[in-house]
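Here are the chains, one letter per residue:
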Amino acid sequence: MRPRQIKDQIYAVGAVDWDRRLFDGLIPLPDGTSYNSYLVRGSEKTALLDTVDPSKRDIFFENLREVASIDYLIAHHGEQDHSGLIPEILAKYPQAKVVCSPKAKGILMDHLGLSGDRILTVDDGQTLSLGDRTFEFVHTPWVHWPETMGTYLREDKVFFSCDFFGSHIAQSDLFVADEAPVYEAAKRYFAEIMMPFRTAIQKNLERLKTLEIGIIAPSHGPLYGRPEFILEAYREWTSDRLRNEAVVAYISMHGSTASMVDHFVAALAERGVRVHQFNLAETDIGKLAVALVDAATIVLGTPAVHIGPHPRIAHAVFLANALRPKLKFASIIGSYGWGHKIVEQIAAMIPNLKVEVLAPVICRGKPREGDFAALEKLAETIARKHAELGLK
Ligand code: FEO
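The notes below deal with the structure included here. The model shown is predicted, which means the values in this text are computed figures rather than measured ones.

If a residue is not glycine, its phi is most likely negative; likewise, a peptide bond is most likely trans. Even without a glycine there, the phi angle at Gln9 is positive, about 70 degrees. With respect to the helices and strands, Gln9 occurs in the loop between β1 (4-7) and β2 (10-12). Note on Gln9: relative accessible area 26%, which makes it partly exposed. We note that Lys157 has phi near 60 degrees; this positive angle belongs to a residue other than glycine.

So, on to the packing of helix α6 (residues 198-208) against helix α7 (residues 227-238). Two numbers describe how α6 lies on α7: the axes approach to 9 Å, and their chain directions differ by 145 degrees. Like other packed secondary-structure pairs, α6 and α7 cross with a definite hand, here left-handed. Contacts between α6 and α7 involve Arg198, Ile201, Gln202, Leu205 and Leu208 on the former and, on the latter, Leu231, Tyr234, Arg235, Trp237 and Thr238. Tallied by class, residues from the contact of α6 with α7 come to six nonpolar, two polar and two charged.

Of all hydrophobic cores here, the largest spans 87 residues; its most connected members are Phe165, Ile230 and Tyr234. The biggest single contributor to this core is helix α5 (residues 179-194), with seven residues. For this core, the two domains that each supply at least three residues are domain 1 (4-238) and domain 2 (246-385). With residues near it in sequence (within four places) discarded, Ile230 still touches Phe165, Ala186, Ile216, Tyr224 and Trp237. Ranked by size, the runner-up nonpolar core spans 23 residues in total, among them Ala12, Leu130, Met149 and Val158.

Each value, and the rule that gives it
Residues numbered from 1 in each chain as written. Predicted model: local features only at pLDDT ≥ 70, side-chain atom pairs only at ≥ 80, totals over all residues. Heavy atoms only, no water. Helix = DSSP H or I, 4+ residues; strand = E, 2+ residues; numbered from the N terminus. Buried < 20%, exposed > 50% of the residue type's maximum accessible area, 1.4 Å probe, protein only. Axes fitted to C-alpha atoms, helices over the stretch in contact; angles between N-to-C directions. Left-handed = near helix turned anticlockwise from the far one by under 90°. Contact = heavy atoms within 4.5 Å. Nonpolar A, V, L, I, M, F, W, Y, C, P; charged D, E, K, R; others polar. Core = buried A, V, L, I, M, F, W, Y, C linked by side-chain atoms within 4.5 Å. Domains from an automatic or database assignment.

Pasting the structure below:
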């Protein structure tokens, strides 16, 4: 995209990446993404807020072609999709100083080879004048690195939030025009990188209550002209509230685990528990992460592979443990050929999940009448446990 005006003397100068389909070599991006950078011209100084992913350097420098001078380069976050072109900006604008949080300074020096004498650090609440415009820096740690901060432009009530409130979605709209798809993309983004830090994010949301925010300008996805939309979503996602939902993630080799899952999911649904069922042979792992934001229970369905869980189940379990969702209950169902240690191995992989493990249902070969009865009982237990928590 070409530079676009947000308000008087405030411009979006970043790049939309319509084609990117994977982030961090891990996170699927079904809708692409954007790397947002902003330019603010004050009466005395000019500031650039973040850069873009180096893969979009040509677009970015074209957008800056008519920018003669930059005094401050605000670096909200050290990850390279925003910081990667800082060295080239510093070379192009020799008078520019990088402005970042104290924790970011070392990160930027180590990741980008920056010299410390080009960096100014700012504390939470500290201000910086551009003449007729004033920045207030707002430290927002753990969204999703420890050094991240945002910038509040007081006169215009714009909060530049970096990854906080971001969404991986490529759009030609500068602002959110349709909230529904952005809600899904923002929730996916939250689930994939911010869910482990819910408590810190709750504190950041409290900190933002001190500001009167008219626009939120994140570093991925469209801007929010109605900030309450995304603030309310974040309050919900970071809250302790759970839903009467179960995630059933499974894989099957010869059909036995699949038939158990089919029976079990029907049993849960019959008891009013909403189920998110994922066949991990084909699943977009981002959708699984989104389902974990609100679910009270996870049930893993796996055959035994060399006595342990199927490696694709192990991958999902590893991810769930890293994301630390609010889950309260977990269980395992599945089938083995001649022997197994499925339950012991999965239990050892989830130290971060503060869950009650409900009696697993593991059978040898094809499930029989007694196994299906055990699945009914497990479904009944889950429905009862959810009811005891008041989940509807
Ligand atoms: Fe969009 Fe943490 O970088």
